[in-house]
Amino acid sequence: MPVYTKCQVFTPPDNVKKLLDVVGYERNLFGRKVAENSCGDGNILIEIVKRYISDCFRQEFNIETIKVGLQEDIWAAEIDKSHIENCKIRLDAVVEHYGIRDVSWNILEGDVLKENIIDRFDFVIGNPPYITYKELDEDERRFVRDKYETCKVGKFDYCYAFIEASIRSLTDNGKFAYLIPSNIFKNRFAQNLRDFILPCLTDVYDYTNQKLFTGKLTASAIIVCDRNTNNTFINYHNVSNHTRIQVDKDKMKAKWVFSNVENTENENTVRFGDCFHAASSIATLLNKVFIIDNYIENGDYLSVGEYKIEKALLRDAVSPRAFNYEKSEKVIFPYYYSEEGLQRYTVEQFESQYPQAVIYLKQYQDKLEKRKSDVGISWFEYGRSQALAHLNQPKLLISTLITGSAKVYAIDRDTIPTSGIYIVPKDNKQKYSLEKAKDILNSELFLQYVKTIGVISNGNSYRISPKDINDFCFPRNMLL
């Protein structure tokens, strides 16, 4: 069964009307082709058909002419046969109300990403399947990556390919409106998609923290494209706040930030990353092995089930979640520091110094060796070397997910952050104190920046990256 037959979410009626309104699908519709590339049970098609017939009656077309138009001007695709059958039943009921019968609906049973669709459309309107990278099997990933330029890099979502295919299918004057997950605006793996969309993008209708789909946490937006536009700006509509601003496209080269308030460094501001360094926490690539949360003190060892681990190899572990729940954890730290910085054990050194830990780790050796680790990593080390060089000093810890306010925790030199983002002074110079960094991250200014730059998650939370923190610019007097 294709993956997106299990991930279908049908478009609410109000959003259906909005999709059609924003591309002007209202008048002079006869002879203008419209497509819905994943039609499901027909929520969007039904409104398309109603508008099409009403417009044709306004122009005084007869029933037979309208019937031919319905068959030639309205095209759709759906991969699930049962949905197609239900969709046709619903469409038949709609047209019968107008005295039209026996329409041969032009609905393709198949995946438009894999079909050779040669038609070109004046309108493409829809709500693509919301499928994440991890929900795709390897064959699907390979196919999409090879065929669609927006999916060449990283962990793309399936809807990226739908958006690309739909825009490519437009006529030279064609218009496009899709209800999409708004994380494409800031997701780092969506950069190719943003670059592809931007030249023809005219409007964004952002529902911000409104939840449009029952049981789904995805934040949504409508994007509108016009193949014939030469606008140097886009109209950004915050649907929740009933506001609209124009944003220059030149300012939308990386993450799409919909604000006229610039976060730029000048003589009166300072970039956070020039004073402090924010970085991702350790990446073991197998936390269940390295992080120990159920243990018993046993002299120079910790007992973990039937195994023992030398205390000398363990550090206190923290994460934003552990702080919230006051949870005590340890982490195996298979490294040490000297005056020259981080040092790695040879296999012989490690096995000689920590024989009990080796026995414990050997039970997972197969899984440890199958990790997609950095080149040159020994089987007992973390999968990634990120974070390790700067850990051996006092630091701050902040979650990647900000809800309500930024919670910032101070942790000591020896404690290891196992998730979240940690912050240390820039280049160990200690020119500015961590207390000052904490004040800056707790400020209302930083919170507003997070709401602008962060990816909306779960309605009221914003996901940020170390780069977002490092790029934050604040008034110079906040360092005084």
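Above this text is the structure in question.
The paragraphs below set out a description of the structure included in this document. Residue positions are given per chain, counted from 1 along the sequence in the order it is written. Only residues with pLDDT of at least 70 are given local features in this predicted model, and only at 80 or more are side-chain atom pairs given and counted; all residues enter the totals for whole chains, interfaces and linings. Calculated side-chain values reflect all of the structure's heavy atoms, with hydrogen atoms and water omitted.

1. A short note on the overall build of the protein
Here comes step 1: Secondary structure elements are taken from DSSP: a helix is a run of H or I of four residues or more, a strand is a run of E of two residues or more, and numbering for both begins at the N terminus. Helix and strand counts for the protein stand at 16 helices and 27 strands.
Here comes step 2: Overall size of the protein, expressed as C-alpha extent along the three principal axes, is 90 × 55 × 35 Å.
Here comes step 3: For every residue, the accessible area (1.4 Å probe, protein chains only) is compared with the maximum for its type, and the residue is labelled buried under 20%, exposed over 50%, or partly exposed between those bounds. Relative to its 480 residues, the protein shows a buried fraction of 52%.
Here comes step 4: It only takes one pair of heavy atoms within 4.5 Å for two residues to be counted as in contact. A separation threshold of at least 6 residues defines the contact pool for the protein, and within that pool the share at least 24 residues apart is 71%.
Here comes step 5: Surface exposure of the protein reaches about 23,100 Å², of which carbon and sulfur atoms provide 45%. What sets the accessible areas is the Shrake-Rupley method with a 1.4 Å probe; for residues, cover comes only from the shown protein chains.

2. As for the pairing of strand β8 (residues 233-238)
Here comes step 1: The buried count for β8 comes to 5 of 6 residues, which makes it a mostly enclosed element.
Here comes step 2: Here, any two strands with at least 2 DSSP bridges between them count as paired. Bridge count for strand β6 (residues 201-206) against β8 is 4 bridges, and the pairing is parallel. Residue pairing for β8: Asp203 is matched across the bridge by Asn235.
Here comes step 3: Here β8 pairs with strand β9 (residues 243-248) via 6 bridges, running antiparallel. By the bridge assignment, Phe233 is partnered in β9 with Asp248.

3. Observations concerning the nonpolar core
Here comes step 1: We define the nonpolar core as a collection of buried residues of types Ala, Val, Leu, Ile, Met, Phe, Trp, Tyr and Cys that are connected through side-chain atoms lying within 4.5 Å of one another. Formed by 44 residues in total, the largest nonpolar core has its most connected members in Ile163, Phe176, Ile184, Phe185, Ile197, Leu201 and Ile223.
Here comes step 2: Taken together, the elements giving at least two residues each to this core come down to β2 (74-78), β4 (121-126), α6 (158-168), β5 (170-181), α7 (191-197), β6, β7 (220-226) and β8.
Here comes step 3: Broken down by element, this core gets its largest block of residues, 7 residues, from α6.
Here comes step 4: In contact with Leu201, other than residues within four places in its own chain, are Ile223, Val224, Cys225, Phe233, Ile234, Lys249, Met252 and Trp256.

4. Points about helix α12 (residues 355-362)
Here comes step 1: Turning to α12, its buried residues are Ala357, Val358, Tyr360 and Leu361. Projected down its long axis, α12 carries its buried residues within an arc of 160°, all on one side. Taken from the helix axis, the directions to the C-beta atoms give the arc we talk about.

5. With respect to the packing of helix α2 (residues 43-58) against helix α3 (residues 63-73)
Here comes step 1: Between α2 and α3, the least distance of the axes is 10 Å, while the angle of their chain directions is 145°. Every pair of crossing elements has a handedness; the one defined by α2 and α3 is right-handed. Contacts between α2 and α3 involve Val49, Tyr52, Ile53, Cys56 and Phe57 on the former and, on the latter, Ile63, Ile66, Gly69, Leu70 and Asp73. Axis geometry follows a simple rule: fit a line to the C-alpha atoms, using only the stretch in contact for helices, then measure angles between N-to-C directions, giving values from 0 to 180 degrees. Should the near helix be turned anticlockwise from the far one by less than a right angle, the crossing is termed left-handed; should it be turned clockwise, right-handed.

6. Digging into the sheet that holds strand β25 (residues 455-457)
Here comes step 1: Spatially, the 3 strands line up as an open sheet ordered β21-β26-β25, and their pairing is antiparallel. The sheet is open, and its two borders are formed by β21 (401-403) and β25, each paired with just one other strand. For this sheet, the mean angle separating the axes of adjacent strands, direction not counted, is 35°.
Here comes step 2: Here 3 bridges tie β25 to strand β26 (residues 461-463), and the two strands are oriented antiparallel to one another. The residue bridging Val455 from the neighbouring strand is Arg463, located in β26.

7. Things to note about the sheet that holds strand β15 (residues 307-310)
Here comes step 1: Read from one edge of the open sheet, 3 strands run β13-β14-β15, paired in antiparallel fashion. Both outer strands of the open sheet, β13 (296-298) and β15, are each paired with one neighbouring strand and no more. Neighbour-to-neighbour, the strand axes of the sheet open up by a mean angle of 35°, direction not taken into account.
Here comes step 2: Where strand β14 (residues 301-304) and β15 come together, 4 bridges link them in antiparallel fashion. Bridge assignment links Leu302 to a residue of β15, and that residue is Ile309.

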